[in-house]
Amino acid sequence: MPRTDVDGVSIAYEIVGEISGEGRPWVLTPGGRFSKDYPGVRGLAVALAEHGNRVLIWDRPNCGESEVCFRGDSESEMQADILAGLLRKLEMAPAVVIGGSGGARVSLLAANRHRDVASALAIWWISGGVYGLLSLAGYYCAPAVPAVWNDGLEAVMSIPSFEETFMRHPPNRELLLAQDPHEFIATMERWMEAYCSCGGELVPGLPDDEARALDIPALVFRSGASDPNHPRETSEQVAELLPDAQLVEPPWPDTEWIDRAAGKWQGFERWPLLAPQLTEWASATLD
């Protein structure tokens, strides 16, 4: 698997599709702390590549085979900065920047913080609302605080949201153990606080005023009315904020997210269904 160093962090990635360097560049970011190998991620990349595109899939820091990284005001902002650096290093900027759930947030932040790396933006399953955002803080960051406080840094490696990256990239163990425990706890608390729902930031890390100025073409897929983690109103409000956004219906039923949460889907297997809408929109917008 190819790897490259971005701002001192080793990143695992793969480029799917057209190899001459002439196809339109895309970058797809998964949600959660799931890797590029999670079911459905590569499938969407392959479906997009069939239309002559080059599609970058990657493991964010703290995901899959990439290194861990515990810096920055929030985990999403740190990952967005690394994404921008990766696109520049691979000479794939500007790219069509796309992603779902946590990948939607990272894509939005990367496009806003680094205007040179994004030609267009497509996002789905946008986390929002008090419950949706605070549940992220409780899942990704909160368990590490008592773990380190009571049992030391090594306990982080058995936390469900962290354990894959330590299994798949063993050097991450030493990188974790090199942290100062008190600074690590402070980082987790800072990253938790970044998810707190507050006025003026519909999406954590993206002030509403800056979203209104993010004038690149955007495609926003409406969330299901049944989805408490990615509320429908959040997707609609994001589409209203972005000045050049289209709000569209996704190619799956309203219950898609809760069906997945209930175990009907094991991953993001149905993400490849997005490919026709994405390619048609990109061609109409960018060609």
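Residues numbered from 1 in each chain as written. Predicted model: local features only at pLDDT ≥ 70, side-chain atom pairs only at ≥ 80, totals over all residues. Heavy atoms only, no water.

Trainee: Please clarify how the environment of Glu163 should be interpreted in this entry.
Mentor: Of note, Glu163 is situated in helix H6 (residues 160-168). What Glu163 contacts, discounting residues up to four positions off in sequence, is Met157 and Ser158. (Helix = DSSP H or I, 4+ residues; strand = E, 2+ residues; numbered from the N terminus. Contact = heavy atoms within 4.5 Å.)

Trainee: Whenever I open this one, the layout of surface pockets confuses me. Can you help?
Mentor: Vacant regions in the atomic arrangement are exposed by a probe of water-molecule size rolled over the atoms. Computed from the structure, the largest pocket encloses a volume of approximately 460 Å³. If you trace the largest pocket, you find 26 residues lining it, with Gly32, Arg33, Phe34, Tyr139 and Tyr140 closest to the centre. At the level of secondary structure, the elements contributing two or more residues to the lining of the largest pocket comprise helix H3 (102-113), helix H4 (129-141), H6 and helix H11 (256-261). Of the residues assigned to the lining of the largest pocket, the class counts are 9 nonpolar, 13 polar and 4 charged. (1 Å grid on protein atoms, 1.4 Å probe; cavity = no way out; pocket = protein on both sides within 12 Å on 5 of 7 lines; lining within 4 Å. Points joined across faces, edges and corners; volume = space filled by probe spheres on them. Nonpolar A, V, L, I, M, F, W, Y, C, P; charged D, E, K, R; others polar.)

Trainee: Where do I start with empty space enclosed by the protein in this structure?
Mentor: Within the structure shown, the criterion is met by 4 cavities of 30 Å³ or more. Along its surface, the largest cavity is lined by Gly32, Arg33, Arg60, Glu75, Ser76, Gln79, Gly102, Arg105, Val106, Tyr140 and Tyr195. Elements supplying a minimum of two residues to the lining of the largest cavity: helix H2 (75-89) and H3. When its residues are assigned to classes, the lining of the largest cavity shows 3 nonpolar, 4 polar and 4 charged.

Trainee: What is the right way to read helix H8 (residues 181-194) from this model?
Mentor: Because an α-helix completes one turn every 3.6 residues, residues spaced three or four positions apart along the sequence face the same direction. End to end, H8 covers 20 Å across 14 residues, agreeing with the expected 20 Å (1.5 Å per residue, within 8%). Within the span of H8, buried status applies to Phe184, Ile185, Thr187, Met188 and Trp191. All buried residues of H8 fall inside an arc of 155 degrees around its axis, so they share one side. Turned more than 90 degrees away from the buried face of H8, the exposed residues are His182, Glu183 and Glu193. Tucked into the core, H8 has its buried residues touching H2, H4, helix H5 (144-151), H6 and helix H7 (172-177). For H8, the N-terminal capping position is held by Asp180, with its side-chain oxygen 3.0 Å away from the main-chain nitrogen of His182. (Expected span 1.5 Å × (residues − 1). Buried < 20%, exposed > 50% of the residue type's maximum accessible area, 1.4 Å probe, protein only. Arc of directions from axis to C-beta. Polar contact = N/O pair within 3.5 Å; in protein donor to acceptor, adjacent residues only side chain to side chain.)

Trainee: Explain the nonpolar core to me, please; I cannot follow it from the model alone.
Mentor: For soluble globular proteins, the rule of thumb is that nonpolar side chains tend to be buried together. Counting 66 residues, the largest nonpolar core has Trp58, Leu121, Val156, Phe184, Met188 and Leu242 as its most contacted members. Here this core gets 7 residues from one element, more than from any other, and that element is H2. Every residue in contact with Met188, bar those within four places of it in the chain, is listed here: Phe70, Cys141, Ala144, Val145 and Phe162. Membership of the second largest hydrophobic core comes to 29 residues, among which are Tyr38, Leu48, Ile57 and Ala122. (Core = buried A, V, L, I, M, F, W, Y, C linked by side-chain atoms within 4.5 Å.)

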